[in-house]
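Residue-level listing of the chains:
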Amino acid sequence: MQFPAEPFRIKVVEPIKITTQEEREKLIKDAGYNIFSIPAESIYIDLLTDSGTAAMSDNQWAGLMLGDESYAGSKNYYHFENTVREIFGFKNIIPTHQGRVAENLLFSNILKKGDVVPSNIHFDTTRANIEYHGATALDCVIDEGLDPSNPHPFKGNMDIEKLEAAIQKYGKERIPVIMITITNNSGGGQPVSMANIRQVSDVAHKYGIPFFFDACRFAENCYFIKEREREFRQKSVLEIAQELFSYGDGCTMSAKKDGLVNIGGFLAMNDDEWAQRITNMLILIEGFKTYGGLAGRDLEAIARGLKEVLDENYLRFRINQTRYLGEMLDEQGIPIVKPVGGHAVYIDAKRFVPHIPPEQFPGQAIVVELYRRAGIRAVEIGSLMMAKKDPTTGENIPPKLELVRLAIPRRVYTNMHMQYVAEALGEIYRDREKLRGFEIEYEPEFLRHFTARLRPVGNE
Ligand SMILES: *Cc1c(COP(=O)(O)O)cnc(C)c1O
């Protein structure tokens, strides 16, 4: 049986408001054709992100009632610490309220101006936290990882030659840490192989450089390893995770992904001296070391979530639900990034609406139409979100890819919802010549995609 049937049944339901097309047309127009400005209540299926949007289990909700809110030494902290140590194996475990705080704490303590941090592809918050310290975030993903139609099974892999060349060029003194993002979010949720992790670890340790994971989607990555690397077919996902982390020296983690919770994160590492310094700073900005900006009950939910996420029936459903949506789009001829990654399906907007040039935001045309017709929220990852300003001419340079991301929250939507999304996109694709581009009416100086206002081209 290939059909990814849900390995859970529904005990509590959250009704979703159904809006009419007329209502949605008004809402999206009033929002300046910016999907971030639509009230979430008026969205039928929200595929904006898989971060912090998971449905917790009855076991996690029950755990919330067992929250021990003691300021220091909460029993939930010890449960959390033991769980993280069992899976990740690192010695020092520091809770934080989100992944980016883990990044901030790490980089604030180890980076100085002029340093370089190589990774496969840095996630935006990681890059921003590195650049904030005057250091360079260097992407070293394999070339296949940048080609939307290359079927390579591990498109998140690091290019070992690029990594070696970076170490030769900058010198190991300027590289305080090497990172790798599993799965590679900014590269389409593509996995990294165990073989590649062993190689990166060997290179890092040959030069005495610590090796850290950005571990947000570690369970999804380990499931792909089990599926695609022969050596691991008979291993449990827990065993795969334990081996994977044994090659590193620490990790940053947003528990809002594979922690199966709505808020939380942590930083873990073997080095005692780094951990001591970081813990002192944690107390300054997040809270005492046994809660780190979270409630005791939140730590309990993370501890339980980290065990549930390794359930292979869950992971089989998770990975196959995402793939199922991708296949339904592919069968209708809709251009998508292949192979489908772990947490999202990406539509190739350049091929979907070739008549809309990058400066008229082809991805946004699809995003707006998807909401207008079907109440679905997706997000543009293209020239609206990612264009960089040329420092001399001030003109916008569009990114290489124009994508629309459909990120799938964990355990939230059924396969019937996925069919609905596929059908809506199929209709839009068949009518694609009618789609029109957009132009900017207002844009702020930074991160314009969040608050920009747009208008359809030709509507003054
Ligand atoms: C979400 C994410 C982060 C940041 O985590 P937050 O909890 O949102 O602060 C870092 N890296 C990757 C790969 C992510 O997906």
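**Q** Explanation requested: the sheet that holds strand β11 (residues 379-381) in the structure shown.
**A** Pairing between sheet strands relies on hydrogen bonds along the backbone, with the strands arranged either parallel or antiparallel. If you walk across this open sheet you meet the 3 strands as β9-β14-β11, and the pairing is antiparallel. Each having just a single partner strand, β9 (344-348) and β11 make up the two edges of the open sheet. Between one strand axis and the next, the sheet turns by 30° as a mean value, whatever way the strands run. Pairing of β11 with strand β14 (residues 403-407), which is carried by 3 bridges, proceeds in the antiparallel orientation. Along β14, the bridge assignment pairs Val379 with Arg405.

**Q** Please explain the site of the ligand as it appears in this structure.
**A** Within the structure, the ligand sits among 14 residues, and Arg100, Asp214, Arg217, Ser254 and Lys257 are positioned closest to it. Gln98 is positioned such that a nitrogen or oxygen atom in its side chain is 2.9 Å from an oxygen atom of the ligand. Between the ligand and the protein, one listed contact pairs an oxygen atom with a side-chain N or O atom of Ser254 at 2.7 Å. Within the complex, 97% of the 380 Å² of free accessible area of the ligand lies under protein. With 3 residues, helix α4 (residues 99-110) is the single largest residue contributor to the shell around the ligand. Per-class residue counts for the shell around the ligand are 2 nonpolar, 6 polar and 6 charged.

**Q** Just checking my understanding: could you explain the packing of helix α3 (residues 75-88) against helix α9 (residues 237-246) for this structure?
**A** A pair of packed helices can be characterised by two numbers: the angle between their axes and the separation between those axes. Contact geometry of α3 with α9 gives a least axis separation of 7 Å together with a crossing angle of 80°. Our classification of the angle between α3 and α9 gives roughly perpendicular. Packed against α3, whose contacting residues are Glu86, Ile87 and Phe88, the element α9 presents Leu238, Ala241, Gln242 and Phe245 at the interface. Among the residues forming the contact of α3 with α9, the class breakdown is 5 nonpolar, 1 polar and 1 charged.

**Q** When you look at the pairing of strand β4 (residues 136-139) in this model, what are you seeing that I'm missing?
**A** Summarising the sheet, strand β3 (residues 116-119) and β4 pair through 4 bridges and their orientation is parallel. Within the sheet, the bridge partner assigned to Val117 lies in β4 and is Ala137. Crossover connection from β3 via helix α5 (residues 124-131) to parallel β4: handedness right-handed.

Parameters and conventions
- Residues numbered from 1 in each chain as written.
- Predicted model: local features only at pLDDT ≥ 70, side-chain atom pairs only at ≥ 80, totals over all residues.
- Heavy atoms only, no water.
- Pairing = 2+ DSSP bridges.
- Helix = DSSP H or I, 4+ residues; strand = E, 2+ residues; numbered from the N terminus.
- Axes fitted to C-alpha atoms, helices over the stretch in contact; angles between N-to-C directions.
- Near = heavy atom within 4 Å.
- Polar contact = N/O pair within 3.5 Å; in protein donor to acceptor, adjacent residues only side chain to side chain.
- Areas by Shrake-Rupley, 256 points an atom, 1.4 Å probe, with all protein chains shown as cover.
- Nonpolar A, V, L, I, M, F, W, Y, C, P; charged D, E, K, R; others polar.
- Parallel < 35°, antiparallel > 145°, perpendicular 65-115°, else oblique.
- Contact = heavy atoms within 4.5 Å.
- Right-handed = clockwise from strand over helix to strand, strands pointing away.

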